[in-house]
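# Analysis of the macromolecular model
In case you want the letters, here they are:
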Amino acid sequence: MKGRTAVDVGADGVAIITINNPPLNLLSVDVLLSLKESIEGTIIRDDVRAIVITGSKGKFSGGFDVTAFGGSQGKRTRKELGFLSIEFLTDIFEAARKPLVAAIDGPAFGGGLEIALACHARISTSSAQLGLPELQYGILPGLGGTQRLPRLVGLPKALEMILMSKRVSGEEARILSLVDVIAPSDKLLLKARQWALDILQCRRPWVISLYKTDKLAPLGQAREILKLARLQVQKQNPNLMHPLVCIDVIEHGIASGPRNGLWKEAEALQELRQSSTCRSLIHMFFAQTQILKIPGITDINLLPRKINKVAILGGGLMASEIATMLVLSNYQVILKEKDKKCLLDGISRVKENLQNHVKKEKATQEKLEKSFNLILGVLNYDNFKDVDLVIEAESESLSLTEMIFSELEICCPPNCIFASNSSTLSLKLLGERIKCENRMAKIHFFCPSPILPLMEIVCTHSSPQVIIDLIAFGRKMRKTPIVVRDCNGYAVTRMIITYLHAAILLAERSVDVYQIDRAITSFGMSLCPFRMIDLVGFQVVIMLSKIFVENFPDRSYKPNLIQIMQQDNREGESNSKGFYIYDENNKPSMDPEMMKYTEKARTISDVTINSKLTTLSDREIAEMILFPALNEAFRIISEGIAFRTSDLDVASVKGMGFPAYRGGIISWSNSLGSTYIYSRLDKWSKDYGEFFKPCAYLLERASDGTSLGNQVERTKSQL
Ligand SMILES: C[C@H](O)CC(=O)SCCNC(=O)CCNC(=O)[C@H](O)C(C)(C)COP(=O)(O)OP(=O)(O)OC[C@H]1O[C@@H](n2cnc3c(N)ncnc32)[C@H](O)[C@@H]1OP(=O)(O)O
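Please read these numbers as outputs of a predicted model, since none were measured by experiment.

So, about the overall build of the protein chain. A count of helices and strands for the protein chain gives 29 helices and 19 strands. Against the compact-globule benchmark of 27 Å for 719 residues, the protein chain has a radius of gyration of 28 Å, which places it among compact chains. Overall size of the protein chain, expressed as C-alpha extent along the three principal axes, is 85 × 65 × 50 Å. Relative to its full complement of 719 residues, the protein chain shows a buried share of 57%. Residue pairs at least 24 apart in sequence account for 74% of intrachain contacts in the protein chain once pairs closer than 6 positions are excluded. Total accessible area on the protein chain is roughly 30300 Å²; 53% of this is exposed by carbon and sulfur atoms. Each charge sign in the protein chain was given a centre, from 87 positive and 79 negative side chains, and these centres are 4 Å apart.

The next thing to look at is the nonpolar core. In a soluble, globular protein the nonpolar side chains are often hidden away together inside. In this structure, Leu326, Phe473, Tyr499, Leu506, Ile516, Phe530 and Phe579 are the most contacted members of the largest nonpolar core, which totals 125 residues. When residues of this core are assigned to domains, at least three fall in each of domain 2 (309-487) and domain 3 (493-638 + 644-704). Those residues within four positions of Phe579 in sequence are excluded, and the remaining contacts are Val513, Tyr514, Phe530, Ile533, Asp534, Phe538, Leu561, Ile562, Met565, Asp591 and Met594.

For the pair helix 5 (residues 155-163) and helix 9 (residues 242-256), interaxial distance at closest approach is 11 Å and the crossing angle is 150°. Taken together, the axis directions place helix 5 and helix 9 in an arrangement best described as roughly antiparallel. The handedness of the crossing between helix 5 and helix 9 is right-handed. Taken together, the residues of helix 9 that come into contact with helix 5 (itself represented by Leu155, Leu159, Ile162 and Leu163) are Pro243, Cys246, Ile247, Ile250 and Ile254. Along the lines of polarity and charge, the residues of the contact of helix 5 with helix 9 split into nine nonpolar, no polar and no charged.

The next subject is the confidence of the model for the protein chain. On average, residues of the protein chain score 92 in pLDDT, and 95% of them reach the 70 mark or higher. Scored below 50 in pLDDT, residues 713-719 shows 18 contacts in the model against residues more than four places distant or in partner chains. The ipTM assigned to the predicted complex is 0.98, against a pTM of 0.91.

A few words now on the site of the ligand. Near the ligand you find 23 residues, and of these Gly62, Glu114, Glu134, Tyr137 and Lys293 are the closest. Measuring from an oxygen atom of the ligand, one finds a side-chain N or O atom of Tyr137 at 2.4 Å. In this structure, an oxygen atom belonging to the ligand sits 2.9 Å away from a side-chain N or O atom of Arg167. For the shell around the ligand, the elements supplying multiple residues, two or more each, are helix 3 (111-117) and helix 11 (276-290). Each residue belonging to the shell around the ligand can be placed in one class, and the counts come to 11 nonpolar, six polar and six charged.

Burial analysis of strand 3 (residues 50-55) places six of its six residues in the buried class, the great majority of the element. Because side chains alternate across strand 3, one face comprises the buried residues Ala50, Val52 and Thr54, and the other comprises Ile51, Ile53 and Gly55, equally buried. Examined bridge by bridge, strand 2 (residues 14-20) and strand 3 share six bridges and lie parallel to one another. Bridge pairing in strand 3 places Ala15 opposite Ile51. Running through helix 1 (residues 29-44), the crossover from strand 2 to the neighbouring parallel element strand 3 is right-handed.

The next thing to look at is the sheet that holds strand 16 (residues 454-459). Sheet strands line up and pair through hydrogen bonds in the backbone, either parallel or antiparallel. One open sheet accounts for eight strands, arranged 12-11-10-13-14-15-16-17; its pairing is mixed. The open sheet is flanked by strand 12 (375-378) and strand 17 (480-485), the only strands paired with a single partner. With direction set aside, neighbouring strand axes in the sheet form an average angle of 25°. Here three bridges tie strand 14 (residues 417-420) to strand 15 (residues 440-445), and the two strands are oriented parallel to one another. In the sheet register, Ala419 faces strand 15, and the bridge partner there is Ala441. Along the sheet, helix 18 (residues 491-508) makes contact with strand 15, strand 16 and strand 17, crossing strand 16 at roughly 125°. Docked against the sheet, helix 26 (residues 645-656) engages strand 16 and strand 17, running at close to 130° with respect to strand 17.

Applying the stated criterion to the full structure yields 22 aromatic pairs. Plain terms: the ring middles of Phe530 and Phe579 are 4.6 Å apart, the flat faces sit at 50° to each other, and that makes the pair tilted. With Phe530 in helix 20 (residues 529-536) and Phe579 in the loop between helix 22 (561-567) and strand 18 (580-582), the pair connects residues that are 49 residues apart, well separated along the chain. We note that Phe530, like Phe579, is buried. Where Phe634 meets Tyr697, the ring centres are 5.3 Å apart and the plane angle is 25°; that geometry is what we call stacked. Of the two residues, Phe634 is situated in helix 25 (residues 618-638) and Tyr697 in helix 29 (residues 696-704); the sequence distance between them amounts to 63 residues. The two residues Phe634 and Tyr697 agree in class, both being buried.

This part covers the pattern of salt bridges. Under the counting rule described, the total for this entry stands at 34 salt bridges. In this structure, the salt-bridge partner of Asp198 is Arg204, at a minimum N-O distance of 3.6 Å. A salt bridge links Asp345 to Lys341, with the shortest nitrogen-to-oxygen separation between them at 2.7 Å. With a gap of four residues between them, Asp345 and Lys341 both fall in helix 13 (residues 340-359), about one helical turn apart. Taken together, the shared-partner salt bridges in this structure form one network comprising Arg494, Arg555, Glu632, Arg635 and Glu639.

Okay, the state of the cysteines next. Enumeration according to the criterion identifies zero disulfides in this entry. Left unpaired, Cys119 is separated from the closest cysteine sulfur, that of Cys202, by 19 Å. A relative accessible area of 0% places Cys119 in the buried class. Considering cysteine sulfurs only, Cys411 is the nearest to Cys342, which forms no disulfide, with 20 Å between them.

The accessible area lost on association of the parts is a frequent measure of interface size. On domain assignment, one finds that the protein chain holds domain 1 (4-274), domain 2 (309-487) and domain 3 (493-638 + 644-704). A C-alpha centroid distance of 44 Å is found between domain 1 and domain 2.

Turning our eyes to something else, we now look at the sheet that holds strand 8 (residues 168-169). As summarised here, the arrangement of the three strands in space is 5-7-8, forming an open sheet in which the pairing is mixed. Only two strands of the sheet have a single neighbouring strand rather than two, namely strand 5 (107-109) and strand 8. Sheet topology places strand 5 next to strand 7 (residues 129-131); three bridges connect them, and they run parallel. The residue of strand 7 that forms the bridge with Pro107 is Gln129.

Conventions adopted
- Residues numbered from 1 in each chain as written.
- Predicted model: local features only at pLDDT ≥ 70, side-chain atom pairs only at ≥ 80, totals over all residues.
- Heavy atoms only, no water.
- Helix = DSSP H or I, 4+ residues; strand = E, 2+ residues; numbered from the N terminus.
- Rg over C-alpha atoms; globule rule 2.2 N^0.38 Å.
- Buried < 20%, exposed > 50% of the residue type's maximum accessible area, 1.4 Å probe, protein only.
- Contact = heavy atoms within 4.5 Å.
- Areas by Shrake-Rupley, 256 points an atom, 1.4 Å probe, with all protein chains shown as cover.
- Lys, Arg positive; Asp, Glu negative; His and termini not counted.
- Charge placed at Lys NZ, Arg CZ, Asp CG, Glu CD.
- Core = buried A, V, L, I, M, F, W, Y, C linked by side-chain atoms within 4.5 Å.
- Domains from an automatic or database assignment.
- Axes fitted to C-alpha atoms, helices over the stretch in contact; angles between N-to-C directions.
- Parallel < 35°, antiparallel > 145°, perpendicular 65-115°, else oblique.
- Left-handed = near helix turned anticlockwise from the far one by under 90°.
- Nonpolar A, V, L, I, M, F, W, Y, C, P; charged D, E, K, R; others polar.
- pLDDT = per-residue confidence, 0-100.
- Near = heavy atom within 4 Å.
- Polar contact = N/O pair within 3.5 Å; in protein donor to acceptor, adjacent residues only side chain to side chain.
- Pairing = 2+ DSSP bridges.
- Right-handed = clockwise from strand over helix to strand, strands pointing away.
- Phe/Tyr/Trp six-rings, centres within 6.5 Å; stacked < 30°, edge-to-face > 60°.
- Salt bridge = Lys/Arg side-chain N within 4 Å of Asp/Glu carboxyl O.
- Disulfide = S-S within 2.5 Å.

As structure tokens, this is what we get:
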């Protein structure tokens, strides 16, 4: 039976109720109504003494089908609001006079976990995954999670799990007393049955989570904890309301009793599920699942081959950054350099990177040592016999790379994948000159990688198998892979460089550098442009700018500012001097000398202070910087480089730091409309040059008023 619950009563008098909605046993109103029917039926049956709830095929429940949220449903009455959470889960389910035990394997998320929280005990496998990730969708746990979780695990831990959408394993959940006992998968039901009968026979406690108080701090102390949590979420994301609403709901339950808390939770869910934040975040969720679906590649039943050993050619900044990411993800790495000095420099850079991870408490000393032992420095190809992937990260010369790849063809096994991290080389040209073009691809990591976890894979003549392998490789490193078709440079870098050039253009033409960064931060970008340049490094930005200017001379802006600053020995965060000055803990502060550089850039470019620009509002600054990046995104779409528009939404969030709660750059542009964006760019292009000129794709859509991109299509379910 699909989308329903099934009941099976055993000879021991225990009814097993199974949520059956494959593949993830997602919840909907229909599934919950079926659960209600099953519970009510078993409660009145004389042959049923106790009840166990579980999910079919080793998956408890992935929670609510989120397509139910983000729509514009009409107002509900108070009775309708509390129906599922209060009338059913609290007054029938939790209040049942027969013990209810949850048997959890696989995912128990959102509403799924909330059903388990209303049970009188929870038995789990150690590998089960439990969590309340609702805040990721701009809503809050709406089936009692805000009230029951704090009462089961204590307020601090519950806040961490809810506010950060933190998932815990069954084993961690047991330590937190969120589950009562761990059982192996094949004994899970047996253990749960026995536990339910033990409750009945008073050998185990009959716990009603909603009325537990022993884990809750006294009101005054709880209020202090909640005050701190409010400050933290406001600091992290001042534009978001729903985390604050969630904290209010938790507080209301502690101060006025859990039942009042449940009512407030139901009202808050009704409000939040209709917000634009919810709509955007749900769009992002589906955009992220879509991004891994590449027609003709991921739909032809290929399985990824295992990549164990990776060789990196080059020991420079980027190469050592990649090597660090790889060893931290447990890959064996060979770092090859041309001479001993470069090799030692490369290896010590990897060590330094790993030490920084320990300093920032992202890795332990033990992990550092384990990771560092995975790297082998070499000067020749002797150890390349069993390498699965080679990443070329040093050469920007076609003839040199051609030579390197010809050598690799001889030294590596026939299935080895050859990837290049070069921004300048055309693999198409290279592929034509050597034999192994179908096992070649470009891959690109973003910097700083912990903040921007995107990995771009550029298909050239790459075989589907190679793309599948690289997607799996990226996911193992906890990256979000985006696959694009071949183009000059990298697709996402084109958006980023345009974004940075727009910021420099404004700074060179009068707007204060720090005002720009403030405006972009308050828009919600996780990395403002001048901090981004400092982090990436001046040298890299200058090199990428040069490529962009060479490839797109008609529309590129030639920034002078960074060159001028570089001549004055400014490199960015790496030498503690960039647009900001960095102290020994890398904390940035504004530099009064900035004015000197912007004035010099103005003189070289022969521009004068423009009073219109000095009085721009934060919103206008954000638009003048983001619309050119959007314009470039439209070019990428119209050139057919991206597989779908929503891929660029994900790319903007994971590769540029665009706020997910605005749905990504294309989804955001839809909320503004093509006519508005076109008219602004058109005006700026007349005032400040071709850099702003709206592209043909935008002109076309502004003329007929069509949408700028598609929302990810999903069938609506009802809640
Ligand atoms: C009122 C309540 O408090 C509100 C809620 O319950 S909110 C919902 C909370 N639940 C979640 O956030 C779970 C989100 N899902 C996940 O994390 C992962 O899907 C998972 C860990 C459960 C399983 O991962 P995995 O096995 O890799 O499957 P995955 O590929 O992600 O998903 C399979 C399909 O289900 C879809 N899906 C997963 N969870 C979904 C959800 N909650 N709603 C709608 N669709 C969902 C995916 O989009 C994907 O669709 P596709 O086949 O069209 O691509």
